[in-house]
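Chain residues, written in single-letter form:
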Amino acid sequence: EDVYTPGVSGDALRSMADPTLYGDPAHMDDFKNLPNTEAGDYGGVHTNSGIPNKAFYLLSSGGTFEGVKVQGIGNSQAISIVYRALTLYLTSTSDFADFRAAMTQASTDLYGASAAQTNSVKSAFDAVGIF
């Protein structure tokens, strides 16, 4: 309740469109290696979430980032892909590369391996440096 401030215009914890606005990285080149302690955000799990957040934003909305153009597929399809990836393919020990693989597989399941949606998934992860 202390971080939710509806009376403050533009206030947020994170930005998926531009994670750097709140000090979070948007690309693997800026990944923060933090200690696995409470003070270190348990290895940066929240801090570094800006990277997959940016990938999801690009997948949904489209755009060019780090020279990679991503064709947006809209919220509904992007949410369907991420939900399938989270519920069928990821575990508590998954890393960012596993997330890319899970998203690619989920999109392949739903739309096909050569579908525009699957190509957009790959492009979004390329844009943020998750290979």
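Quick note: structure is the one above.
Residues numbered from 1 in each chain as written. Predicted model: local features only at pLDDT ≥ 70, side-chain atom pairs only at ≥ 80, totals over all residues. Heavy atoms only, no water.

A.B. asks: Looking at this model, I keep getting lost on the packing of aromatic side chains. Mind explaining?
C.D. replies: According to the stated counting rule, one finds two aromatic pairs in the structure shown. Ring geometry for Phe31 and Phe96: centres 6.2 Å apart, planes at 85°, overall edge-to-face. Placement of the pair is Phe31 in the segment before α1 (41-44) and Phe96 in helix α4 (residues 96-111), with a sequence separation of 65 residues. In this structure Phe31 comes out as partly exposed when scored by relative accessible area, which is 31%. What makes Phe96 partly exposed here is its relative accessible area of 22%. Ring geometry for Phe99 against Phe125: centres 5.4 Å apart, planes inclined by 80°, an arrangement best described as edge-to-face. (Phe/Tyr/Trp six-rings, centres within 6.5 Å; stacked < 30°, edge-to-face > 60°. Helix = DSSP H or I, 4+ residues; strand = E, 2+ residues; numbered from the N terminus. Buried < 20%, exposed > 50% of the residue type's maximum accessible area, 1.4 Å probe, protein only.)

A.B. asks: I keep staring at α4 and nothing clicks. Help me out?
C.D. replies: An α-helical segment advances 3.6 residues per turn. Residues three or four places apart therefore align on the same side. The first and last C-alpha atoms of α4 sit 22 Å apart over 16 residues, in line with the 22 Å expected at 1.5 Å per residue. Of the surrounding elements, those touching the buried residues of α4 are α2 (50-61), α3 (75-89) and α5 (116-127). Regarding α4, its N-cap is Asp95, as a side-chain oxygen of that residue lies 3.2 Å from the backbone nitrogen of Ala97 further along. Once α4 ends, the next one or two residues include Gly112, with phi positive near 110°. (Expected span 1.5 Å × (residues − 1). Contact = heavy atoms within 4.5 Å. Polar contact = N/O pair within 3.5 Å; in protein donor to acceptor, adjacent residues only side chain to side chain.)

A.B. asks: I tried to follow the side chain of Thr118 on my own but got confused; where do I start?
C.D. replies: With respect to the helices and strands, Thr118 occurs in helix α5. On the basis of relative accessible area, Thr118 is assigned to the buried category, the value being 1%. Engagement of the side chain of Thr118 in a polar contact is seen with the backbone oxygen of Gly112, the distance being 2.7 Å. Apart from the residues lying within four places of it in its own chain, the contact partners of Thr118 are Thr104, Ser107, Thr108, Gly112 and Ala113.

A.B. asks: What is the right way to read the environment of Asp24 from this model?
C.D. replies: Structurally, Asp24 is set in the segment before α1. Residues Asp24 and Asp41, 17 residues apart in the sequence, show an inter-C-alpha distance of 12 Å. Apart from residues no more than four positions distant in its own chain, Asp24 is found in contact with Arg14, Pro19, His46, Thr47 and Gly50.

A.B. asks: How should the nonpolar core be read in this particular structure?
C.D. replies: A general trend in soluble globular proteins is that nonpolar side chains are found buried together. With 24 residues, the main nonpolar core has Leu58, Leu59, Met103, Phe125 and Val128 as its most contacted residues. Secondary-structure elements contributing two or more residues to this core are α2, α3, α4 and α5. The dominant element in this core, judged by the number of residues it contributes, is α2, at five residues. If near-sequence neighbours (up to four positions away) are discounted, Met103 is found in contact with Leu59, Ile81, Val82, Ala85, Val121 and Phe125. (Core = buried A, V, L, I, M, F, W, Y, C linked by side-chain atoms within 4.5 Å.)

A.B. asks: When you look at the packing of α2 against α3 in this model, what are you seeing that I'm missing?
C.D. replies: Any two packed helices are characterised by how steeply their axes cross, that is the angle between the axes, and by the distance between the axes. Following both chains from N to C, one finds α2 and α3 inclined at 135°, their axes separated by 8 Å at the closest point. As the angle between them shows, α2 and α3 are arranged oblique. For α2 against α3, the interelement crossing comes out right-handed. Facing α2, whose interface residues are Phe56, Leu59 and Ser60, α3 presents Asn75, Ala78, Ile79 and Val82. Split into classes, the residues belonging to the contact of α2 with α3 amount to five nonpolar, two polar and no charged. (Axes fitted to C-alpha atoms, helices over the stretch in contact; angles between N-to-C directions. Parallel < 35°, antiparallel > 145°, perpendicular 65-115°, else oblique. Left-handed = near helix turned anticlockwise from the far one by under 90°. Nonpolar A, V, L, I, M, F, W, Y, C, P; charged D, E, K, R; others polar.)

A.B. asks: I'm lost on the environment of Ala106 in this one. Help?
C.D. replies: Examined against the element boundaries, Ala106 turns out to sit in helix α4. With relative accessibility at 0%, the residue Ala106 sits in the buried group. In the structure, Ala106 is positioned twelve residues away from Thr118 in sequence and 8.6 Å away in space, judged by C-alpha atoms. Setting aside chain neighbours within four positions, we find Ala106 in contact with Ile81, Arg84, Ala85 and Tyr89.

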